[in-house]
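Structure assessment
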Amino acid sequence: MKFLRYLCVGLVLIAFAVAAGTVLPRGHADDIAANSRPILVLKNPIHTDIALPVDAELLARFGFLREGGLDIDHPGLRYLIIGWGGRSFYTETPTWADLKPMPVLKSFTLDQSVMHVALAGEIPLTDASVTALNISDNGYRSLLGFIEASFARSQGNPVPLLGKSYGSDDAFFEANGYFNALLGCNTWTAAALRAAGIKTGWWTPLPPLLMTSLHLHNDVAAAPPQ
């Protein structure tokens, strides 16, 4: 009986932490001027990325991606998709069919982190996995600074993980920080968005929690039906 009582208390505390982490706002909202910058947040069941529309300024700032074998000068390139995550799970699980016990175990303990960058053409804004946000010019510069600071450097240069990719249009790089499922890829995305002047919940370890907090604390229009 004591075990059941402790289990119930534990479940209640977890539910409270999840609810409070989503509902309580964190960060400050920038004033969005007419010359705001669009960005996208992309989600799947367990992970979120930030998609940045490509322009000359972005390509100049992230020119080091060429060292990872990425063709950022391709005329069809429209977005850089950037995320942070655990090295073992991220690099060894390109699809659900590749899921293995050890990367999952590492994600719930402590793992080294990596940055993942993928190249993309047009992204359909009506897709349910896509959330479009507008940020200020200052927020955009802060966002780029946050992302750049997430790349680990050796002798001043980001370090590509050569031979680690899902295909020809993506690459992994060494990252700063350590990964744990409770403070993982989605909390990194939330922190990046707060740097951009977007409010999030205090703790959003899963995509549904992060996306719910974005809609609660910001003027985010729901994606139109496909």
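Residues numbered from 1 in each chain as written. Predicted model: local features only at pLDDT ≥ 70, side-chain atom pairs only at ≥ 80, totals over all residues. Heavy atoms only, no water.

Looking now at the side chain of N218. You can see N218 is positioned in the segment after α7 (207–217). A polar side-chain atom of N218 sits 2.6 Å from the main-chain carbonyl oxygen of K199. (Helix = DSSP H or I, 4+ residues; strand = E, 2+ residues; numbered from the N terminus. Polar contact = N/O pair within 3.5 Å; in protein donor to acceptor, adjacent residues only side chain to side chain.)

Per the stated rule, a full pass over the model turns up 7 salt bridges. The residue R37 makes a salt bridge to D137 at a minimum N-O spacing of 3.3 Å. Of this pair, R37 sits in strand β2 (residues 37–43) while D137 sits in helix α5 (residues 137–150), and the two are 100 residues apart along the sequence. Residue classification places D137 among the partly exposed residues on the basis of a relative accessible area of 23%. R87 is paired through a salt bridge with E174; the nearest N and O atoms lie 2.4 Å apart. On the criterion of sequence distance, the pair formed by R87 in helix α3 (residues 87–92) and E174 in strand β9 (residues 170–179) is long-range, its members being 87 residues apart. A relative accessible area of 22% places E174 in the partly exposed class. (Salt bridge = Lys/Arg side-chain N within 4 Å of Asp/Glu carboxyl O. Buried < 20%, exposed > 50% of the residue type's maximum accessible area, 1.4 Å probe, protein only.)

Of the voids in this model, the largest pocket is the one considered here, and its volume is about 870 Å³. Lining the largest pocket are 37 residues, and of these N44, I46, H47, F89 and C185 lie nearest its centre. Contributions of two or more residues to the lining of the largest pocket are made by β2, β4 (79–86), α3, α4 (101–107), β5 (111–120), β9 and α6 (185–195). In terms of residue count, β4 provides more of the lining of the largest pocket than any other element does, 6 residues in total. (1 Å grid on protein atoms, 1.4 Å probe; cavity = no way out; pocket = protein on both sides within 12 Å on 5 of 7 lines; lining within 4 Å. Points joined across faces, edges and corners; volume = space filled by probe spheres on them.)

So, about the sheet that holds β4. Backbone-to-backbone hydrogen bonds pair the strands of a sheet. The strands run either parallel or antiparallel. Ordered in space as β6-β2-β3-β4-β5-β9, the 6 strands form an open sheet in which the pairing is antiparallel. In this open sheet, the two edge strands, each paired with only one partner strand, are β6 (130–135) and β9. Taking each pair of neighbouring strands and ignoring which way they run, the sheet shows an average axis angle of 25°. Contacting β2, β3 (48–53), β4, β5, β6 and β9, α5 crosses the sheet at an angle of about 125° to β3. Its contacts with the sheet put α7 on β2, β3 and β6, and the angle it makes with β2 is roughly 150°. (Pairing = 2+ DSSP bridges. Axes fitted to C-alpha atoms, helices over the stretch in contact; angles between N-to-C directions. Contact = heavy atoms within 4.5 Å.)

Let us look at the packing of α6 against α7. For any two helices packed against each other, the geometry comes down to the angle between their axes and how far apart the axes lie. The contact between α6 and α7 brings their axes to 9 Å, and the two run at 20°. Put simply, α6 runs roughly parallel to α7. Seen from above, α6 lies across α7 with right-handed handedness. Across the interface between the two elements, N186, T189, A190 and L193 from α6 touch P207, L210 and L214 from α7. Residue classes in the contact of α6 with α7 are distributed as 5 nonpolar, 2 polar and no charged. (Parallel < 35°, antiparallel > 145°, perpendicular 65-115°, else oblique. Left-handed = near helix turned anticlockwise from the far one by under 90°. Nonpolar A, V, L, I, M, F, W, Y, C, P; charged D, E, K, R; others polar.)

A regular strand carries its side chains on alternate faces of the sheet. Burial analysis of β3 places 5 of its 6 residues in the buried class, which makes it a mostly covered element. When β2 meets β3, the two strands line up antiparallel, connected through 4 bridges. Paired with V41 across the two strands is I50, which belongs to β3. Taking the residues that link successive antiparallel strands as the turn, the β2-β3 hairpin has 4 residues. In this sheet, β4 lies alongside β3 in antiparallel orientation, the contact comprising 4 bridges. Bridging from a neighbouring strand, I50 pairs with I82 of β4.

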